[in-house]
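Structural characterization, general
These are the residues of each chain, in order.
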Amino acid sequence: MDVSGCAALVTGGASGIGAAIAADLRGAGARVVVADRWRGEIVTDLSEPGNARQMVADAVERLGGLDLLVNNAGGYSSPTYPINEDWRSPLELNLLAVMEAIRHALPSLARSPGCVVNVASSAGQGAEPYRGVEYAVAKAGVIRLTTALATVDGVRVNCVSPHTVATEAVLRALETERLEEIAPPPPTLLQVDDVVAGVRRLIEDDSLSGQVLVLSGGEDPSFL
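Everything quoted here is computed from the prediction, not taken from an experiment. (Residues numbered from 1 in each chain as written. Predicted model: local features only at pLDDT ≥ 70, side-chain atom pairs only at ≥ 80, totals over all residues. Heavy atoms only, no water.)

1. Concerning the overall build of the protein
Helices and strands together make up the secondary structure of the protein, namely seven helices and nine strands. Over its C-alpha trace the protein gives a radius of gyration of 16 Å, about what one expects of a compact globule, namely 17 Å for 224 residues. Reported as C-alpha extents along the three principal axes, the dimensions of the protein are approximately 45 × 40 × 30 Å. Expressed as a percentage of its 224 residues, the buried residues of the protein come to 50%. Counting contacts in the protein only where the partners sit at least 6 residues apart, residues at least 24 apart contribute 67% of the total. Seen as two clouds, the 17 positive and the 28 negative side-chain charges of the protein have centres 4 Å apart. (Helix = DSSP H or I, 4+ residues; strand = E, 2+ residues; numbered from the N terminus. Rg over C-alpha atoms; globule rule 2.2 N^0.38 Å. Buried < 20%, exposed > 50% of the residue type's maximum accessible area, 1.4 Å probe, protein only. Contact = heavy atoms within 4.5 Å. Lys, Arg positive; Asp, Glu negative; His and termini not counted. Charge placed at Lys NZ, Arg CZ, Asp CG, Glu CD.)

2. Thoughts on empty space enclosed by the protein
Across all of its chains, the model carries one cavity of 30 Å³ or more by this definition. What lines the largest cavity is Thr11, Leu46, Asn71, Ala73, Leu93, Ala97, Val98 and Ala101. By residue number, the principal contributor to the lining of the largest cavity is helix H3 (residues 88-109), which donates four residues. Grouping the constituent residues of the lining of the largest cavity by class yields six nonpolar, two polar and no charged. (1 Å grid on protein atoms, 1.4 Å probe; cavity = no way out; pocket = protein on both sides within 12 Å on 5 of 7 lines; lining within 4 Å. Points joined across faces, edges and corners; volume = space filled by probe spheres on them. Nonpolar A, V, L, I, M, F, W, Y, C, P; charged D, E, K, R; others polar.)

3. Some points on the side chain of Asn158
Its place among the elements puts Asn158 in strand S7 (residues 155-162). For Asn158, the side chain forms a polar contact with the main-chain nitrogen of Ser209, separated by 3.4 Å. Discounting residues that sit within four places of it in the chain, Asn158 has contacts with Val116, Val117, Asn118, Thr146, Leu202, Leu208, Ser209, Gly210 and Gln211. (Polar contact = N/O pair within 3.5 Å; in protein donor to acceptor, adjacent residues only side chain to side chain.)

Structure below.
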């Protein structure tokens, strides 16, 4: 798939990994619409049911179609399950909005055909306790969603699953906490550019579908 000239929607694209992905795609000649809770061409809260559908419709209208969907939006806050009352919201943001966005983007993506790249997390792969319970559950769902779909109507669906990434938020946390305290084991730190490169690989290699590219600091990328 040639990124140049393609119409792309990046969720959670106003900061961190999403902003880096959007910048990389724009640098390669793509027409990019960023959807984010705080700012961007489309401002939307994907933890609210139904907003992903409207987001896709708005992006298709702005771009005149859609060739690429990058489902990057996600995260969680404390307290987490089972203490918090709003535990469904992180599931909506991190998994159900991804499913809804793919479903409603497929008619446009199938015309190219285009592709989908989901951004999961090593939190969804582990067997150790994890404080962001809903986040871990949702990211595990994103990984299996990717492998279960693989290719739909000619649209390739892939996933990148990074370990702890050196985003601005993580670097701020490291000012007061040790890496071992904020990162699932093993406590390694991955650069944002490594995630961007992984996303580009999954977009551009037409032989890849239903694949989960695992990224961890200090290690070569590998498929799950």
